[in-house]
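Architecture at a glance
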Amino acid sequence: MPFHNGGRGPASEEPSDAGPQSSHPTPAAATDLVTARKQLFTRSEGTKRIDAPGLRRVLVDLHDFWLTTKAAEIGIKPGSGFAIVAVGGLGRQELLPHSDLDLILLHDEMDPAVVAEVADQIWYPLWDAHIKLDHSVRTVSQALQVAASDMTAALGLLEARHIAGDEDLSRLLIGGIRRQWRTDIRSRFPGLVDQARDRWRRSGDIAHRAEPDLKYGRGGLRDVHMLDALAIAQLTDGMAALRPDSPGGGLRQAYTRLLDVRTELHRITGRPREQLRAQDADEIGAALRIGDRFELARTISDSARTISYAVDVGLRTSSNSLPRKGLSKLRRSPIRRPLDEGVVEHQGEVALARNAFPSKDPGLILRVAAASARTGLPMAASTLARLADFAPELREPWPADALSDLLVLLGSGEHMIGPIEALDRTGLWGRLIPEWGAVRDLPPRDAMHTWTVDRHLVETAANASALTTRVSRPDLLVLGALIHDLGKGRGADHSVVGAELANQIGNRFGLWPEDVATLSMMVRYHLLLPEMATRRDLDDPATVQSVVDTLGGSRVLLELLSALAEADSLATGPGVWGDWKASLIGELVRRCLRLMDGEELSTPDPLTPELIALAEAGGISVDLVNTDNPHTFAVTMIAPEQPGLLSRMAGVLSLRGLRLLGAVVQTHAGSAVNTFLVSPIFGDPGEVGLLRQQLIQAVEGGIDVIARLDAKERDSAPTAPPDGNVSPAVPALFAQAPPKVIWFDGYDDNSVILELRAGDRVGLLARVSAVLEDHGANITWAKVATLGGSVVDSFCIRLPGDGSQTRDQLEEAILAVVPPPAPPREHDDKPGKSGVPIG
């Protein structure tokens, strides 16, 4: 520490290379202390081994006793003007077998010669006994000056503890350091954060390192010390609102686990090591009665992720709690911006609205998480705590809006990782997917994998979200990616076990039976394409026939497995997915498609007699009815056909705050008959009469729908976080997968079918239909489906002229109004090293 002289040297205020200069007889070496320490690590036959916490307590008591005895011997007592103060491990009462002694000799402006004589009588016995010592000699004012200019020194002094001598002097130092820290925290906080980030860059993330640095890595012991310092500054409580029954058991339990591992690492290696190496893991796991190195890795990962979550919350809370100066003191309370039903943005975090009642709204957990992923804003710790305490479990099968929110979360790419990690650390993710507990923090068994199994599943889903426009069922792709390895850690073929789990999970999610079967098949055969492509002869017709037969000739399942194979490989580790593997799987898929039937074209359902009667009656009518889901409504709009009608209808719904989930667009007797499945973003859908009035205004040209949608989108964009400790908000118009327009031949020579696969945005149907109408395309019918954050929209249209040039123009114009794709993820710069992980 900078406020220590360090090593063996004189007791002067500044270090010197000249060596000890004391003219007094050198005190006897602390051989009694050394002998007692050795006895702790030497087990005689029949004696019980001291456990890690007990060993730390004994070491603290032993050194406290030696120091107090030595202090009494040389006259350091109450009122003497001297005090011995411990910092570091001894100050925290967490002394490890090979930790340095961090000591301060504090004096009250005493004569330098007397100070030197007293200091030598403490330092020399320790040096001569070869006990590692970091030392300094200070007055209270000198110590305060050092702490004011040096961050590391300040953090060390916050852990100071009185050992012997003038307790009033120690109390003056400890109190002064803490007051100074609280007073200066506003200016020192950025430096504290920068120091932590530099440390994380050097040492990496403990939870995903093969050989983790237990002290300095992200999620390590130093992070908890930082949270304690912020708690002393009264910026956070340092506990991250974690309940004792949450994974990791809460912050203090996670800290104690890592401290126990570090204690055994010192004891077993006989050295002051902080990095856990593979060759020591089995012995440490056995000493702590945890199990083998894999179980030890799981424990370390669990603890480190708990601490990492606590650090994220602590830094964010502290930033929001920093004392304000000047005009910022006069600002009103931050605006609570609505994000979804019962969900708002507050101080750069996703929080619950004042009228939200978690006990009566089981779907609130997923709405909060989806809003967090959609905006890039973190979920407030208090919100997660409320949800953990009061939110009931979702009934089975889940309501459709809960599944939709899960799909929004899974469709957000890498922005889902933070929300899922926060839900998992607070016990909410396991409540949604109970099967998750078997793979939580489960280490991989081979060197190829970078992540723990649960994190691998999340990474696979994040990769899959960038491939959703390649498939006709993006919802099944991200769900399959999330659960494809859930069968691991259960003592059997994980694909077979996982397929059974997929059945129960799919039924719980409320999927249709045929979709449950597809999801189960995805999990069962998620390794089929990579194995057949890399291990079998693709020129052998039997190879292709075997794949087609296994998949029951399903084109949908084939395209899902192809995308899942890529997402899974990318999430495994560097170099697992490359041009060679991609080309082999691509060729296998192409050969399989040649054996399969052509794709079945989409068609709308026939109109009901009631709708036929309304269409034949003419005029403008709007009907709104409830569905089986209390948050979902069916809106049927009928109006005389005219150019731009679909765009205006869809735009009016979006302007009313109704999220479009699906639509069927048809015509009859000169009238458009359009049925929209909608869900209110906030509250209820409003009066149907007002909706009809706004539709009439739009039809008559009194409302510029597209211009108002643009303004609404700008106004709903999330504000930037108040500090740099969290990721910036995701841009409102940003899709994870590149949009795709697919053309099919229609049912006659004059029609074509256009299928759009893209990310969703405010008023997307209104914008796309406006493009079609502006280019002279006559929309015969349309089927629109919103699957989480993705849309799969089919339009049967008639093009002007021969249509060849119009197709290119239409495709370019449509792609201009859909969300642009996100930049590709980097997959080569993964934390950790190859090899079986230890944490």
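Every value quoted in this text rests on a predicted model; they were computed, and no experiment measured them.

1. Examining the overall build of the protein chain
Scanning the protein chain from N- to C-terminus turns up 30 helices and 15 strands. Within the protein chain, the fraction of its 839 residues that count as buried is 56%. In the structure as shown, the protein chain presents an accessible area of about 35400 Å², 50% of it carried by carbon and sulfur atoms.

2. Here we look at the pattern of salt bridges
Scanning the model with the defined rule gives 43 salt bridges in all. Close ionic contact of Arg262 with Glu274 constitutes a salt bridge, the shortest N to O distance being 2.5 Å. Here Arg262 is found in helix H9 (residues 251-269), whereas its partner Glu274 is found in the loop between H9 and helix H10 (278-287), with 12 residues between them in sequence. For Arg262, a relative accessible area of 6% translates into the label buried.

3. Regarding the packing of helix H21 (residues 528-535) against helix H24 (residues 579-595)
The contact between H21 and H24 brings their axes to 9 Å, and the two run at 100 degrees. Judged on the interaxial angle alone, H24 and H21 are roughly perpendicular. Judged by residue contacts, Leu529, Pro530, Met532, Ala533 and Thr534 of H21 engage Trp580, Lys581, Leu584, Ile585, Leu588 and Val589 from H24. Its residues assigned to classes, the contact of H21 with H24 shows nine nonpolar, one polar and one charged.

4. Thoughts on the sheet that holds strand E12 (residues 740-745)
The strand order across the open sheet built from eight strands is E8-E9-E11-E10-E14-E15-E13-E12, with neighbouring strands paired in antiparallel fashion. Two strands bound the open sheet, and with one partner strand each, they are strand E8 (621-626) and E12. In this sheet, adjacent strand axes meet at a mean angle of 15 degrees when their direction is disregarded. Two strands pair when backbone bridges link them, and strand E10 (residues 658-668) and strand E11 (residues 671-680) are joined in this way by 10 bridges, in the antiparallel orientation.

5. Description of the pairing of E8
Pairing geometry for E8 and strand E9 (residues 633-640), over six bridges, is antiparallel. Bridge assignment links Asp623 to a residue of E9, and that residue is Thr636.

6. So, helix H11 (residues 293-321)
For H11, spanning 29 residues, the distance from its first C-alpha to its last is 41 Å, which sits close to the expected 42 Å at 1.5 Å a residue. With 24 of 29 residues buried, H11 lies mostly within the body of the structure. Its side-chain oxygen 3.1 Å from the backbone nitrogen of Phe294, Asp292 forms the N-cap of H11.

Rules used in this analysis
- Along each chain, residue indices are assigned from 1 in the same order as the chain's sequence is written.
- Per-residue local features of the predicted model are confined to residues with pLDDT of at least 70, and side-chain atom pairs are confined, for both listing and counting, to 80 or more; whole-chain, interface and lining totals are unaffected and use all residues.
- Side-chain metrics rest on all non-hydrogen atoms present in the structure, leaving aside hydrogens and water.
- Numbered from the N terminus, helices here are DSSP runs of H or I no shorter than four residues, and strands are runs of E no shorter than two.
- Any residue under 20% of the maximum accessible area for its type is buried, any over 50% is exposed, and the rest in between are partly exposed; the area is computed with a 1.4 Å probe on protein chains only.
- For the area figures, the Shrake-Rupley method with a 1.4 Å probe applies, and any residue is considered shielded solely by the protein chains shown.
- The working definition used for a salt bridge is a side-chain nitrogen of Lys or Arg within 4 Å of a carboxyl oxygen of Asp or Glu.
- To define axes, lines are fitted to C-alpha atoms, for helices over the stretch in contact only, and angles between the resulting N-to-C directions are given on a 0 to 180 degree scale.
- Every angle not falling under 35 degrees, over 145, or within 65 to 115 is termed oblique; those three ranges are roughly parallel, roughly antiparallel and roughly perpendicular.
- Every residue pair with non-hydrogen atoms within 4.5 Å of one another is taken to be in contact.
- Side-chain classes follow a simple rule in which Ala, Val, Leu, Ile, Met, Phe, Trp, Tyr, Cys and Pro form the nonpolar group, Asp, Glu, Lys and Arg form the charged group, and the remainder, Gly included, forms the polar group.
- Two strands form a pair only when DSSP identifies at least two bridges running between them.
- The span expected for a helix works out to 1.5 Å for each residue beyond the first.
- Definition of a polar contact: a pair of N or O atoms within 3.5 Å, with one able to donate and the other able to accept a hydrogen when the atoms are protein atoms, and with sequence-neighbouring residues admitted only if both atoms are side-chain atoms.

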